Amino acid sequence: MARPTLAIHGGAGTILRSQMTPALEREYRNGLEAALAAGWAILEHGGKSIDAVEASVASLEDYPLFNAGRGAVFTHDGKQEMDASIMDGRKLRAGAVAAVTNIKHPIKLARLVMERTDHIFLAGEGANEFARQMHVEIESDEYFFTEHRWRQLREAIARGDVKLDHSVPGRQLAVSKPIGTVGAVACDRHGHLAAATSTGGMTNKKYGRVGDTPLIGAGNYADDICAVSGTGHGEFFMLGLSAFDVSARMRYAGLPLADAVRETIERLTTIGGEGGLIAVNSKGEFAMLFNSEGMYRGYITSDEPMVTAIYSDEGK
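Residues numbered from 1 in each chain as written. Predicted model: local features only at pLDDT ≥ 70, side-chain atom pairs only at ≥ 80, totals over all residues. Heavy atoms only, no water.

Participant: Requested: an account of the overall build of the protein chain, with residues and values cited.
Facilitator: The secondary structure content of the protein chain amounts to eight helices and 12 strands. For 316 residues, the compact-globule formula gives about 20 Å, and the C-alpha radius of gyration of the protein chain, at 17 Å, lands near that figure. Projected onto its principal axes, the C-alpha coordinates of the protein chain cover approximately 55 × 45 × 35 Å. A buried classification covers 59% of the 316 residues belonging to the protein chain. Contacts spanning at least 24 positions in sequence make up 66% of the contacts within the protein chain whose residues lie at least 6 apart. For the protein chain, the exposed area adds up to about 12,000 Å²; of that, 51% sits on carbon and sulfur atoms. When the 33 basic and 40 acidic side-chain charges of the protein chain are each reduced to a single mean position, those positions are 1 Å apart. (Helix = DSSP H or I, 4+ residues; strand = E, 2+ residues; numbered from the N terminus. Rg over C-alpha atoms; globule rule 2.2 N^0.38 Å. Buried < 20%, exposed > 50% of the residue type's maximum accessible area, 1.4 Å probe, protein only. Contact = heavy atoms within 4.5 Å. Areas by Shrake-Rupley, 256 points an atom, 1.4 Å probe, with all protein chains shown as cover. Lys, Arg positive; Asp, Glu negative; His and termini not counted. Charge placed at Lys NZ, Arg CZ, Asp CG, Glu CD.)

Participant: Lay out the confidence of the model for the protein chain with the relevant residues and their values.
Facilitator: Mean pLDDT over the protein chain stands at 91; residues scoring 70 or higher make up 91%. Mean pLDDT across the elements of the protein chain ranges from a minimum in helix 5 (residues 147–159), with 69, to a maximum in strand 7 (residues 220–222), with 99. Predicted confidence for residues 163–178 stays below pLDDT 50, and this span has 55 contacts to residues more than four positions away or in other chains. (pLDDT = per-residue confidence, 0-100.)

Participant: So what's going on with helix 3 (residues 106–116)? Residues and values would help.
Facilitator: The buried fraction of helix 3 is high, at eight of 11 residues. Where helix 3 is buried, its residues touch helix 2 (49–62), strand 2 (82–88), strand 3 (93–100), strand 4 (121–123), helix 4 (124–134) and strand 6 (193–199).

Participant: I'd love a proper account of the nonpolar core, names of residues and values included.
Facilitator: Within soluble globular proteins, side chains that are nonpolar generally end up buried alongside one another. Core analysis: the largest hydrophobic core is formed by 49 residues, its most contacted members being L6, Y28, V53, L109 and Y296. It is helix 1 (residues 22–43) that contributes the most residues to this core, seven residues altogether. Dropping the residues within four chain positions of it, V53 is found in contact with I86, A184, V185, A186, A194, A195 and A196. Listed in part, the 36 residues of the second largest apolar core include A7, A243, A287 and Y299. (Core = buried A, V, L, I, M, F, W, Y, C linked by side-chain atoms within 4.5 Å.)

Participant: Go over the sheet that holds strand 2 with me, naming the residues and quoting the values.
Facilitator: One open sheet accounts for eight strands, arranged 4-3-2-6-5-1-11-12; its pairing is mixed. Of all strands in the sheet, those with a lone pairing partner are strand 4 and strand 12 (304–311), marking the two edges. Strand-to-strand, the axes of this sheet are offset by a mean angle of 5°, without reference to chain direction. Bridging between strand 2 and strand 3 involves six bridges; their strand directions are antiparallel. Each bridged residue has a counterpart across the sheet, and for S85 the counterpart in strand 3 is A96. Those strands touched by helix 1 are strand 1 (5–13), strand 5 (182–187), strand 11 (294–301) and strand 12, and its axis lies near 145° from that of strand 12. (Pairing = 2+ DSSP bridges. Axes fitted to C-alpha atoms, helices over the stretch in contact; angles between N-to-C directions.)

Participant: Which residues make up the packing of helix 7 (residues 242–253) against helix 8 (residues 257–270), and what values go with them?
Facilitator: For the pair helix 7 and helix 8, interaxial distance at closest approach is 9 Å and the crossing angle is 135°. The orientation of helix 7 relative to helix 8 falls into the category oblique. For helix 7 against helix 8, the interelement crossing comes out right-handed. Residues S242, D245, V246, R249 and M250 of helix 7 form the contact with helix 8, whose own contacting residues are L257, A260, V261, E263, T264, R267 and L268. A breakdown of the residues in the contact of helix 7 with helix 8 according to their chemical character gives six nonpolar, two polar and four charged. (Parallel < 35°, antiparallel > 145°, perpendicular 65-115°, else oblique. Left-handed = near helix turned anticlockwise from the far one by under 90°. Nonpolar A, V, L, I, M, F, W, Y, C, P; charged D, E, K, R; others polar.)

Participant: Which residues make up the side chain of N281, and what values go with them?
Facilitator: Checked against the element boundaries, N281 lands in strand 9 (residues 275–281). Its relative accessible area of 6% is what places N281 among the buried residues. Separated by 3.0 Å, the side chain of N281 and the backbone nitrogen of K283 make a polar contact. Within the structure, N281 has its side chain in polar contact with the side chain of E285 (distance 2.6 Å). Setting aside residues no more than four positions away along its own chain, N281 makes contact with C187, L193, I225, C226, M250 and L257. (Polar contact = N/O pair within 3.5 Å; in protein donor to acceptor, adjacent residues only side chain to side chain.)

Participant: Now, about the layout of surface pockets: what can you tell me, with residues and values included?
Facilitator: For the largest pocket, the calculated volume is near 170 Å³. Residue lining of the largest pocket: K48, S49, I50, D88, R90, K91, R93, R111, M114, E115, D188 and H192, and that is the complete set. Among the elements of the structure, helix 2 and helix 3 are those that each provide at least two residues to the lining of the largest pocket. Of all the elements, helix 3 adds the most residues to the lining of the largest pocket, at three residues. When its residues are assigned to classes, the lining of the largest pocket shows two nonpolar, two polar and eight charged. (1 Å grid on protein atoms, 1.4 Å probe; cavity = no way out; pocket = protein on both sides within 12 Å on 5 of 7 lines; lining within 4 Å. Points joined across faces, edges and corners; volume = space filled by probe spheres on them.)

Structure below.
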């Protein structure tokens, strides 16, 4: 029997203690803890990994500090366009949505694509129409409005760039980087694996841009060897097929999980990308690595208590 394990992330980027108030740090950790609790409530009672990652990501989508669901950043036109994907490693099945609007939980819609259609990826108005047919929860524009996201958009427009979604509200970071996603990976007691990832994309994004999150193998992947979720500059995760790359290094080169994740991050760095990966294998071993200053992250296993971490010098 495998060791049940759940790992999550809430985005990576320029995350420094000097730019974080104690109160805001506590809020972020509360969000991570709530997401871990939601998924672990399923795993600890013998539930499936696919249900656990969906529950954890849905919890992160509810939390306005993370760039997904309610906390999704604004596009140049002042709207939210959200992407998500989910993958069941045991069945090698996946579902994804891109550029959806007003969907409370994009990750739940992605799962419905996987289970209720013959497709893997739906986008734009087609995905929204499918959501209406499935009677998923729809929210008004007001539900998705957060003051710090609106301020980020106005600053980004003034600067003429895309903006890091993890800047501290009320402060201007010296570096603007388009990094921010939420995700979860899990191994259940049967050794079955699953991964889920969701994002609001880039602040001030234009032209219908879609990143790596809904692209199977780029920002999200699961099979019988490992489950992987990524966060970072999506264009580079697409170029490196970073999520699948971890599995490929394990399957074809025989690398253990930690080495495969480390080599994938090294490859991401080589091609100019920044971000992080969380991954778990069928034994319940996990890895959480990144090449940025920090990554909101956490984990819990059947023999290790809940742990959350933010900065590069703490946690695993």
